[in-house]
Amino acid sequence: MGHLTASLQWVRIAYIALLVFLFSVHVFAYEELSDDALRNIPSGAGDFHIKTGALLSPILIPRVPGTPGSIAVQHHFVDFFSRQLPKWKVDWHNSTAKTPATGDTNIPFTNLIITRDPPWTQPGDVGRLTLVAHYDSLYHPEGFIGATDSAAPCAMLMHVARSIDDALTKKWEAMEDSGDAGSGLEDEKGVQILLLDGEEAWVTWSATDSLYGSRALAESWDSELHPALSAYKTPLDSINLFLLLDLLGGPDPHVPSYFLPTHWAYQGMAKIEERMRKLGLLQTKPKTPFLPDSRKQVSQFTTAYIQDDHVPFMKRGVDVLHIIPSPFPDAWHTMDDDGEHLDLEAVDDWAKIVTAFAAEWMELDAFISQSHSNEKRDAVRSRTEL
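Residues numbered from 1 in each chain as written. Predicted model: local features only at pLDDT ≥ 70, side-chain atom pairs only at ≥ 80, totals over all residues. Heavy atoms only, no water.

Trainee: I would appreciate a short explanation of the overall build of the protein in the present structure.
Mentor: Each helix and strand counted, the protein has nine helices and six strands in total. Counting only residues that meet the buried cut, the protein has 52% of its 386 residues in that class. Looking at the protein alone, contacts between residues at least 24 apart form 78% of all its contacts between residues at least 6 apart. Put simply, the protein shows about 17,700 Å² of open surface, and 55% of that area lies on carbon and sulfur atoms. (Helix = DSSP H or I, 4+ residues; strand = E, 2+ residues; numbered from the N terminus. Buried < 20%, exposed > 50% of the residue type's maximum accessible area, 1.4 Å probe, protein only. Contact = heavy atoms within 4.5 Å. Areas by Shrake-Rupley, 256 points an atom, 1.4 Å probe, with all protein chains shown as cover.)

Next comes the structure, spelled out in structure tokens:
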């Protein structure tokens, strides 16, 4: 019986591998970014400074759900998108729950959903690359910041949105000018950012004391139907890939490939890291790559995974790429997880890698290059006119 079971397991693994291969061939129909496009992926530079950085520094405060710090960070996110990136649509998802630490008091949990879709589309007809991080911080110890957990990942996603915004506009304008917009010649693709609340446990991690925001959002989206004849039945179905960043910003991270069905996406991001290092575009000099598992074999994958905000979505069939180091950073859940202990070169490198991944997914090669080349020409013209 044991031999039969093992044989069936290998048949199942081989079948899954075949499906993954076929799916990978379909997904990678788009081209890799050119070297020029990779060179034009911008650095976050001073925006990640822990004291004055426009993206990161406002998040480096305690952000316990329902507290003034949490509300201040929500305002930071909304102000950024409304003022700098007005073409991104900002929605709120609110829920409440009791926690083991707060008794009968209902704690508010507020998720922010920020979306950029082709302007001619309806929501139910767009498949999205969904970029995710949680912004809440631990209830105890008091004053905990959570720089890697997950202030820095939130700032990285803000950087990604700003870095691809102009290229998205140029691509979609070009499609409208050519008559390709809405023609059905290719799948409609958008980008969505989820900044989730309530990931952390209030007392001890359990199925009910953790993931408050993501559990509520996944449940809501699972029952929210798009109009009849839409390409996607629900907002969950519209997620082509749930790309979750967590615990990033420490030195020398080692991020495994956790899930066989999305190993192709992991390999794509690892290839981007490899190419950017060869081109001298990343600042860190780790002994091993951030993403070292490109050659991981089918037989090496297991059913084990790290509990995080992807779980309520994955259980409902959403494909997940989880970018979280294993082992966790040394400062994890300690008071040392603050701005002073961040590796800012690693923060900036992750921001570049994820930006390039998003640009490649959205097929922005020509438009990333064109956008930044135009900026350079304008800068040169301005200097020559002085």
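Trainee: Honestly, empty space enclosed by the protein in this entry has me stumped. Any pointers?
Mentor: Rolling a probe over the atoms, with the probe sized like a water molecule, indicates the empty space that remains. Scanning the entire structure with this criterion turns up two cavities of 30 Å³ or more. Here the largest cavity is characterised by a volume of approximately 60 Å³. Lining the largest cavity, in full, are Pro118, Trp120, Lys171, Trp172, Met175, Glu186, Asp187, Glu188, Lys189 and Met362. Here the lining of the largest cavity gets three residues from one element, more than from any other, and that element is helix H4 (residues 147-178). Within the lining of the largest cavity, the residues separate by chemical class into five nonpolar, no polar and five charged. Its volume calculated, the second largest cavity comes out at about 30 Å³. Residue composition of the lining of the second largest cavity, by class: six nonpolar, one polar and two charged. (1 Å grid on protein atoms, 1.4 Å probe; cavity = no way out; pocket = protein on both sides within 12 Å on 5 of 7 lines; lining within 4 Å. Points joined across faces, edges and corners; volume = space filled by probe spheres on them. Nonpolar A, V, L, I, M, F, W, Y, C, P; charged D, E, K, R; others polar.)

Trainee: How should the pairing of strand S5 (residues 239-245) be read in this particular structure?
Mentor: Among the seven residues that make up S5, six are buried, leaving the element largely enclosed by the rest of the structure. Two elements, strand S3 (residues 127-134) and S5, share five bridges in a ladder whose sense is parallel. Bridging from a neighbouring strand, Leu131 pairs with Leu243 of S5. (Pairing = 2+ DSSP bridges.)

Trainee: How should H4 be read in this particular structure?
Mentor: Every α-helix winds through 3.6 residues per turn, so residues three or four apart in the chain are directed the same way. Between its terminal C-alpha atoms H4 stretches 45 Å, which fits the 46 Å expected from 32 residues at 1.5 Å a residue. Along its length, H4 reaches its greatest deviation from straightness, about 35°, at Asp165. With 24 of its 32 residues buried, H4 lies for the most part within the structure. A positive backbone phi angle near 85° is found at Gly179, which sits one or two residues after H4. (Expected span 1.5 Å × (residues − 1). Bend = angle between axes of the 7 residues up to and from the residue.)

Trainee: Would you mind going over the nonpolar core with me for this structure?
Mentor: Across soluble globular proteins, nonpolar side chains have a tendency to be buried as a group. With 75 residues, the main nonpolar core has Trp88, Ile323 and Phe357 as its most contacted residues. Per element, the largest residue contribution to this core is 15 residues, and it comes from H4. Each residue touching Phe357, except ones within four places of it in the same chain, is listed here: Leu129, Leu241, Leu243, Ala265, Met269, Ile272 and Leu321. One finds Val132, Ala218, Ile239 and Ile306 within the second-largest nonpolar core, a separate group that totals 19 residues. (Core = buried A, V, L, I, M, F, W, Y, C linked by side-chain atoms within 4.5 Å.)

Trainee: Any chance you could explain the pattern of salt bridges here in plain terms?
Mentor: Two side chains bearing opposite charge may form a pair once their charged atoms approach each other closely. This model, assessed by the stated rule, comprises 14 salt bridges. With a closest N to O distance of 3.4 Å, Arg316 and Asp222 form a salt bridge. Of this pair, Arg316 sits in the loop between helix H7 (311-314) and strand S6 (320-323) while Asp222 is found in helix H5 (residues 212-223), placing the two residues 94 residues apart along the sequence. Ionic contacts of the salt-bridge type, sharing partners, join the residues Glu32, Asp35, Lys271 and Arg275 into one network. (Salt bridge = Lys/Arg side-chain N within 4 Å of Asp/Glu carboxyl O.)

Trainee: Is there a simple way to think about the packing of aromatic side chains in this case?
Mentor: A ring pair, where both rings are aromatic, is described by two values, the distance of the centres and the angle of the planes. Tallied over the full model, the rule gives 13 aromatic pairs. Ring centres of Trp264 and Trp361 lie 5.9 Å apart, and the angle between their planes is 25°; this geometry places the pair in the stacked category. Note that Trp264 is positioned in helix H6 (residues 263-278) and Trp361 in helix H8 (residues 344-361), a separation of 97 residues in sequence. Each member of the pair, Trp264 as well as Trp361, is classed as buried. These aromatic residues form a ring-pair network of at least three members: Phe109, Tyr139, Trp202 and Tyr212. Lying across the ring of Phe290, Arg277 places its NZ or CZ 4.8 Å from the centre. (Phe/Tyr/Trp six-rings, centres within 6.5 Å; stacked < 30°, edge-to-face > 60°. Lys NZ or Arg CZ within 6 Å of the ring centre and 35° of its normal.)

Trainee: Mind showing me how you'd approach the packing of H4 against H8 here?
Mentor: Angle between the axes and distance between the axes are the two parameters that describe a pair of packed helices. H8 packs onto H4 with a crossing angle of 45° between their chain directions and a minimal axis gap of 9 Å. As summarised for this structure, H4 and H8 are arranged oblique, according to the angle between their axes. In this structure, the crossing between H4 and H8 has a hand that is right-handed. In this structure, H4 uses Ala152, Met156, His159, Val160, Ser163 and Ile164 to contact H8, whose residues at the interface are Val347, Trp350, Ala351, Val354, Thr355, Ala358 and Ala359. (Axes fitted to C-alpha atoms, helices over the stretch in contact; angles between N-to-C directions. Parallel < 35°, antiparallel > 145°, perpendicular 65-115°, else oblique. Left-handed = near helix turned anticlockwise from the far one by under 90°.)

Trainee: What should I look at first to understand unusual backbone geometry in this one?
Mentor: Note: most peptide bonds trans; most residues except glycine with negative phi. At the junction of Asp149 and Ser150, the peptide bond is cis and its omega measures out at 0° in the coordinates. Not every positive phi belongs to a glycine, and Leu211 is a case in point at roughly 55°. Within the secondary structure, Leu211 is located in the loop between strand S4 (189-196) and H5. By relative accessible area, which is 4% here, Leu211 ends up buried.

Trainee: Before we go on, may I ask you to explain the confidence of the model for the protein in this structure?
Mentor: Atom-level detail of predicted coordinates should not be read off regions where pLDDT is low. Mean pLDDT over the protein stands at 90; residues scoring 70 or higher make up 88%. Counting interchain partners and residues more than four positions distant, the pLDDT-below-50 stretch residues 371-386 has six contacts. (pLDDT = per-residue confidence, 0-100.)

Trainee: Just checking my understanding: could you explain H8 for this structure?
Mentor: Here H8 spans 26 Å end to end across 18 residues, near enough to the 26 Å set by a 1.5 Å rise per residue. Taking the backbone nitrogen of Glu345 as reference, a side-chain oxygen 3.1 Å away marks Asp343 as the first, capping residue of H8. Two residues or fewer after H8 comes Glu363, characterised by a positive phi angle close to 55°. (Polar contact = N/O pair within 3.5 Å; in protein donor to acceptor, adjacent residues only side chain to side chain.)

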